[in-house]
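Analysis of the macromolecular model
Given next are the chains, with one letter for each unit.
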Amino acid sequence: MNVSNQNRRDFLKKSAAITIAPGVLLYSISQAHHTERPVKSTTRWGMLIDTNKCINDCTACLDACTEEHGLTEEVPIEIKPVWIRKVTLRDKQTGKESSLPIMCQHCEKPPCVDVCPTGASFKRDDGIVLVDRHICIGCRYCMMACPYKARSFVHEALENQKPHSPRGKGTVEACNFCVYRIDTGVGPACIEACETAGHQAMIYGDINNPDSEIHKKLKEMSSSVLRPDLKLNPGVRYQGL
Amino acid sequence: MKILKFLGKLSCGLLLAMAVNGVSAGEVPMPEIPKAKSNFSAEQSCVEPTDFMRQRHGLFLKHYRHDTMRRGMRTLQHSLVACINCHVTADESGNYPTVHQSSKHFCRSCHTYAAVNIDCFQCHTSKPQESFSVDIGPVQSD
């Protein structure tokens, strides 16, 4: 078949090139995004949110998420899907307020995956938790299991979905870490929006990679996770809480 | 059971072949399948040989959806988005029809004829991407 021919040809080309210029080519191969290869379990995608930099009334990340995934259907507020929301915490003693976005925390041990009766809730090898809506039966067990209230159910039939973000009636959905962007080397839409708005409160990266910005920051500064008592080891971490 | 399934597939394939070759099938109107926007390569019109695609596109979609969603492998050649981008063409007024609105939509034109229900488009969009350039992955050059 053509597919295998193509792969064979690619392989021959690459191996020929490697013999010519080993150093240069090996470097460029390791840097390139191999969207045609499966994701690795050595990667752990994560996010670090600096609550001191997150502005109280800013909704840049929320708007970006709505736009990116087309969460624009006109439905009553009670059934409106929420992939990311802003929460304001206030210290009762000092009155200090901190604002932070909360989305799917992409846990290492996700309760939504544990309870799913069909295997629709799953965690990719690189730590991103997703819903396989082809086999989701809409039972909403995962919504009950999630301690972060991160998942939503689509109640009404939808039209004009985004090509990269399919969603439909009768299935559960949540933040997918903009997985199609991650796979092609672009960061999640919310993080891009936070940067564009000039706040730089959110960064993302491979927590396991010692060279990544997020790894270095987590090593330097103390950060916390939401509900550490549940021992879910979320991929989303907060600084300054 | 296997024989029955095989016969079912065979008759489906025959019907499709008849439709494509323009053989009359009684009162059922022939599907007018819109032409794709471009050829995949000089030798081949689609990502796989056309006859193969007509019969087996469903298997490709199912196989690659697993690879894409569960394993993060994003090959453009067999993605539903790339199919839609190339195959769904604008109508006379320049608008792209959705599969629900128009019987002239690429997927629907044939699926209605074959009486096979598809539910892909309850979730996936049946319109091409807005910023679509004709790029469906690595084109075979040699």
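Residues numbered from 1 in each chain as written. Chains lettered and ligands numbered in written order. Predicted model: local features only at pLDDT ≥ 70, side-chain atom pairs only at ≥ 80, totals over all residues.

**Considering the overall build of chain A**
Tallying secondary structure elements over chain A gives eight helices and nine strands in all. Burial analysis of chain A (241 residues in total) assigns 32% to the buried set. The long-range fraction of contacts in chain A, counting pairs at least 24 apart against all pairs at least 6 apart in sequence, stands at 62%. (Helix = DSSP H or I, 4+ residues; strand = E, 2+ residues; numbered from the N terminus. Buried ≥ 20, exposed ≤ 12 C-beta atoms within 10 Å, placed from the backbone. Contact = placed C-beta atoms within 7 Å.)

**Points about the overall build of chain B**
Scanning chain B from terminus to terminus reveals four helices and zero strands. Mapped in sequence order, the helices and strands of chain B form the string α-α-α-α. Split into buried and exposed, the 142 residues of chain B put 21% on the buried side. Partitioning the contacts of chain B with sequence separation of at least 6, the portion at a separation of at least 24 is 59%.

**A look at the sheet that holds strand S1 (residues 45-50) of chain A**
All names here are of chain A. One open sheet holds the three strands; their spatial order is S8-S1-S9, and the pairing between them is mixed. If you trace the sheet from one side to the other, it starts and ends with strand S8 (202-206) and strand S9 (236-239), each paired once. Strand-to-strand twist in this sheet, taken as the mean axis angle between neighbours without regard to direction, amounts to 20 degrees. Sheet topology note: the S1/S8 ladder contains five bridges and is antiparallel. Bridging from a neighbouring strand, Leu 48 pairs with Ile 203 of S8. Sheet strands touched by helix H8 (residues 213-220): S1, S8 and S9. Its angle to S8, the strand with the most contacts, is close to 110 degrees. (Pairing = 2+ DSSP bridges. Axes fitted to C-alpha atoms, helices over the stretch in contact; angles between N-to-C directions.)

**Thoughts on unusual backbone geometry**
Residue and element names in this part refer to chain A. In the Ramachandran plot, His 106 falls in the positive-phi region, its phi being about 45 degrees despite a non-glycine side chain. Examined against the element boundaries, His 106 turns out to sit in the loop between strand S3 (97-103) and helix H4 (111-115). Residue classification places His 106 among the buried positions, given that 27 C-beta atoms sit within 10 Å. Even without a glycine there, the phi angle at Arg 140 is positive, about 70 degrees. By the C-beta count within 10 Å, which is 14 here, Arg 140 ends up partly exposed.

**Topic: the confidence of the model for chain A**
For chain A, per-residue confidence averages 89 on the pLDDT scale, and residues scoring 70 or more make up 86% of the total. Counting contacts from residues 16-33 of chain A, a segment whose pLDDT is below 50, to residues more than four positions away or on other chains yields five contacts. (pLDDT = per-residue confidence, 0-100.)

**Re the pairing of S9(A)**
Residue and element names in this part refer to chain A. Burial of the side chains of S9 extends over both faces: Val 236 and Tyr 238 are buried on one face and Arg 237 and Gln 239 on the other. Taken together, the four bridges between S1 and S9 define a ladder with parallel strand orientation. Within S9, the position partnered with Leu 48 by the bridge is Arg 237.

**Regarding the interface of chain B and chain A**
At the interface, 16 residues of chain B touch 25 residues of chain A. A total of four residues in the side of chain B that touches chain A trace back to one element, the largest contributor, which is helix H2 (residues 50-71) of chain B. Looking at the side of chain B that touches chain A residue by residue, the class counts come to four nonpolar, seven polar and five charged. (Nonpolar A, V, L, I, M, F, W, Y, C, P; charged D, E, K, R; others polar.)

**Comments concerning the nonpolar core**
Residues and elements named next belong to chain A. Counting 47 residues, the largest nonpolar core has Ile 49, Cys 61, Cys 175, Cys 190, Cys 194 and Met 202 as the members making the most contacts within it. Counting residues per element, the ones that place at least two in this core are S1, helix H3 (60-69), S3, strand S5 (129-131), helix H6 (179-183), helix H7 (189-196), S8 and S9. The contacts of Cys 175, once residues within four sequence positions are left out, are Trp 83, Ile 84, Met 103, Cys 104 and Ala 150. (Core = buried A, V, L, I, M, F, W, Y, C linked by C-beta atoms within 7 Å.)

**Considerations on the confidence of the model for chain B**
All names here are of chain B. Overall, the predicted model of chain B reaches an average pLDDT of 79, with 73% of residues at or above 70. By mean pLDDT, helix H1 (residues 2-21) is the weakest element of chain B at 55, and H2 is the strongest at 92. Here residues 132-142 scores under 50 on pLDDT; set against residues more than four positions off or in separate chains, the count is 15 contacts. Across the interface, the model reports ipTM at 0.80; the global pTM reads 0.80.

**Section: the packing of H3(A) against H7(A)**
Working note: a packed helix pair is described by the angle between its axes plus the distance between those axes. Residues and elements named next belong to chain A. In contact at an axis separation of 8 Å, H3 and H7 are set at 135 degrees when each is read in the N-to-C sense. The angle between the axes of H3 and H7 places the two elements in the oblique class. Crossing hand, H3 versus H7: right-handed. Contact with H3, carried on its side by Ala 60, Cys 61, Asp 63, Ala 64, Cys 65 and Glu 68, involves Ala 189, Cys 190, Glu 192, Ala 193 and Cys 194 of H7 and no other residues of that element. In terms of residue class, the contact of H3 with H7 is made up of eight nonpolar, no polar and three charged. (Parallel < 35°, antiparallel > 145°, perpendicular 65-115°, else oblique. Left-handed = near helix turned anticlockwise from the far one by under 90°.)

**Overview of helix H3 (residues 80-87) of chain B**
Residues and elements named next belong to chain B. With seven of eight residues buried, H3 is to be regarded as a mostly interior element. Three or more residues of H3 are buried, namely Leu 80, Val 81, Ala 82, Cys 83, Ile 84, Asn 85 and Cys 86. Structurally, H3 contributes buried residues whose contacts are with H2.

**A look at the environment of B:Lys104**
Residue and element names in this part refer to chain B. Relative to the helices and strands, Lys 104 is located in the loop between H3 and helix H4 (106-114). Measuring from C-alpha to C-alpha, the distance between Lys 104 and His 66 comes to 29 Å, with 38 residues separating the pair along the chain. Among all residues touching Lys 104, those that are not within four sequence positions of it are Glu 32, Pro 34, Asp 91, Pro 97 and Ser 109.

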